[in-house]
Amino acid sequence: MTQQTIQQKLEILADAAKYDASCASSGTAKKNSLGGKGIGSTEGMGICHAYAPDGRCISLLKVLLTNHCIFDCHYCINRKSSNVRRARFTPQEVADLTINFYKRNYIEGLFLSSGIIKSSNYTMEQMVECARILREEYDFRGYIHLKTIPEADPELIYQAGLFADRVSINVELPTRKGLNRLAPDKDEHQIEGALAKTKSRIIEAKDERKRFKHAPRFAPAGQSTQMIVGADNASDADIVGKASTLYGNFGLRRVYYSAFSPIPDASAVLPLKRPPLMREHRLYQSDWLMRFYGYAAGEVAQATDAHGNLPLDIDPKLAWALKFRGSFPVDVNRAPKEQLLRVPGLGTTAVGRILAARRHRTLRLDDVAKLTQSIAKVRPFLVALDWRPTALTDRADLRALLAPRQEQLELF
């Protein structure tokens, strides 16, 4: 059998990693190589960003250590029964690739995940070794995100957090029924137990840093997770509810949503078509509502249809406002921040500008228009000095008026 080159391995294992969405680098502690010491930085100039065809920003070397796997999750293209080309890096090879790409300004760090080879502990040891080489032998100070394995020994996950800026464990599917059906080798209690232990370690490390200046950092950018959308029958309400529980119980920095993509030689239990990418986008918008706009998971669920799914033609915030028109219009000159954040078309930045501006003058509709990008969407839901929507808020065709118009693109 011909031995694979590094380039051939990279082609296989970078492509295999594209299904993992949870690779954002926000929230890490600022580190740099000023003073002639160390290599890399997590922020600043000289970082190149690439964009995947689906629009995701990829600024990390995003690879799998290997796509060999002893598990047989139905939705995974790298499952043991899948007929795909296999490859495997050594920890040294991944470390060398990371350094070489960083020096060429292609990346700002490393996102490393892996299939399970031999055992969960063996695989986790290999990933930790890669991060150790980067930190201790190359003095690399850029960003490292390690996808940890919930079945691995907690001490190995702890070692991963000492070297990585962020760690993550995928919950995979939003319901226990879906996980048992599509990923029989994985256990919900084990996954949540690993998330809970990581949360405790992050809190302990922060407390130790307050008391001891040189106490080791543990995953300073926190932990995240990912859910697959559309592989099972879970509704958007189920997914939003699960995300809210994960945020509340485990202090996650982010929950990522990845639309299921049909794979070659797929299992008969999987859907034949992928869900619309707009569904993934609406879930990210609903996630934003819970994290930054004060919506509870139950309120987001109220914006769903009879099947528990968010509308695809309008955003969740507008869908909620149309269902609860009794909460509007809102007086832009008197309403508290919490009410203004619920006005469709007003983002957190616009609300901040409105609160600052109204301290000095009574706002008219034209003033609001200068502070937001979507005055047409805002008008039916607020009152200004010279504007009242009167019957506009209660119009039966208001949704049709506010929904984005679908236009056929021209070929020439």
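Residues numbered from 1 in each chain as written. Predicted model: local features only at pLDDT ≥ 70, side-chain atom pairs only at ≥ 80, totals over all residues. Heavy atoms only, no water.

Caption draft 1: Quick peek at the nonpolar core. One finds Y75, L112, Y257 and F381 to be the most contacted residues of the largest nonpolar core, which totals 113 residues. Top contributing element to this core by residue count: helix α3 (residues 120-137), with seven residues. When sequence neighbours within four positions are dropped, the list of residues in contact with Y75 reads E172, L173, L182, A183, K186, I228, F260, I263 and L270. (Core = buried A, V, L, I, M, F, W, Y, C linked by side-chain atoms within 4.5 Å. Buried < 20%, exposed > 50% of the residue type's maximum accessible area, 1.4 Å probe, protein only. Helix = DSSP H or I, 4+ residues; strand = E, 2+ residues; numbered from the N terminus. Contact = heavy atoms within 4.5 Å.)

Caption draft 2: Region of the structure containing the confidence of the model for the protein. Per-chain confidence: the protein averages 88 in pLDDT, with 88% of residues scoring 70 or above. Across residues 43-54, where pLDDT falls below 50, the model places 21 contacts with residues more than four positions away in sequence or in other chains. (pLDDT = per-residue confidence, 0-100.)

Caption draft 3: View of the pattern of salt bridges. Overall, the coordinates contain 17 salt bridges when judged by the stated rule. Here E93 and K9 are joined by a salt bridge, their closest N and O atoms 3.2 Å apart. Residue E93 is found in helix α2 (residues 91-103), and its partner K9 is found in helix α1 (residues 6-16); the two are separated by 84 residues along the sequence. The buried category is assigned to K9, whose relative accessible area is 10%. For the salt bridge of E188 with R176, the shortest nitrogen-to-oxygen distance reads 2.5 Å. Separated by twelve residues along the polypeptide, E188 in helix α6 (residues 188-211) and R176 in helix α5 (residues 176-182) bring together distant segments of the chain. Residue classification places R176 among the partly exposed residues on the basis of a relative accessible area of 45%. Counted as one network, the salt bridges with shared partners bring together E129, R132, E136 and E137. (Salt bridge = Lys/Arg side-chain N within 4 Å of Asp/Glu carboxyl O.)

Caption draft 4: Up close: α3. Spanning 18 residues, α3 covers 25 Å between terminal C-alpha atoms, matching the ideal 26 Å at 1.5 Å per step. Where α3 is concerned, the buried positions are S120, T123, M124, Q126, M127, V128, C130, A131, I133, L134 and R135. Contact partners of the buried residues in α3: α2, β4 (109-113), β5 (143-147) and α4 (154-163). Looking one or two residues past α3, D139 carries a phi angle of roughly 55°, positive in sign. (Expected span 1.5 Å × (residues − 1).)

Caption draft 5: Highlighting unusual backbone geometry. Omega for the peptide link from F328 to P329 comes to 0°, which places this bond in the cis form. Along the chain, the position of P329 falls in the loop between α10 (316-323) and β9 (330-331). With a phi angle near 65°, K118 is a residue other than glycine that sits in the positive phi range. Along the chain, the position of K118 falls in the loop between β4 and α3.

Caption draft 6: Molecular detail of the environment of S120. Within the secondary structure layout, S120 lies in helix α3. Between the C-alpha atoms of S120 and E151, which are 31 residues apart in sequence, the distance is 6.0 Å. Ignoring any residue separated from it by four or fewer positions in sequence, one finds S120 in contact with F71, I149, E151 and A152.

Caption draft 7: Quick peek at the packing of α1 against α2. Closest axis-to-axis distance for the α1/α2 pair is 12 Å, and the angle between their directions is 90°. Judged on the interaxial angle alone, α2 and α1 are roughly perpendicular. For the pair α1 and α2, the contacting residues are I6, K9 and L10 in the first and E93, L97 and F101 in the second. (Axes fitted to C-alpha atoms, helices over the stretch in contact; angles between N-to-C directions. Parallel < 35°, antiparallel > 145°, perpendicular 65-115°, else oblique.)

Caption draft 8: Molecular detail of the packing of helix α7 (residues 236-250) against helix α8 (residues 277-292). Following both chains from N to C, one finds α7 and α8 inclined at 40°, their axes separated by 11 Å at the closest point. Relative to α8, the element α7 lies oblique. In the crossing of α7 with α8, the sense of the turn from one axis to the other is right-handed. Across from D236, I239, V240, A243, S244 and Y247 in α7, the residues of α8 making contact are R279, L283, S286, D287, M290 and R291. A class-by-class count of the residues in the contact of α7 with α8 yields six nonpolar, two polar and four charged. (Left-handed = near helix turned anticlockwise from the far one by under 90°. Nonpolar A, V, L, I, M, F, W, Y, C, P; charged D, E, K, R; others polar.)

Caption draft 9: Representation of the pairing of strand β8 (residues 254-259) in the model. The element β8 is extensively covered by neighbouring structure, given that six of its six residues are classed as buried. Of the two faces of β8, both are covered, the one formed by R254, Y256 and S258 as well as the one formed by V255, Y257 and A259. Sheet topology note: the strand β7 (residues 223-229)/β8 ladder contains six bridges and is parallel. Counterpart to M227 in the pairing with β8 is Y257. Note on the crossover from β7 through α7 to β8: the handedness is right-handed. (Pairing = 2+ DSSP bridges. Right-handed = clockwise from strand over helix to strand, strands pointing away.)

Caption draft 10: Local environment of empty space enclosed by the protein. Across all of its chains, the model carries two cavities of 30 Å³ or more by this definition. By volume, the largest cavity amounts to about 670 Å³. Along the wall of the largest cavity there are 34 residues; nearest its centre are Y75, C76, N170, E172 and K186. Class assignment for the residues of the lining of the largest cavity results in 19 nonpolar, nine polar and six charged. Put simply, the second largest cavity is a space of about 50 Å³. Considering only residue class, the lining of the second largest cavity consists of four nonpolar, no polar and three charged. (1 Å grid on protein atoms, 1.4 Å probe; cavity = no way out; pocket = protein on both sides within 12 Å on 5 of 7 lines; lining within 4 Å. Points joined across faces, edges and corners; volume = space filled by probe spheres on them.)

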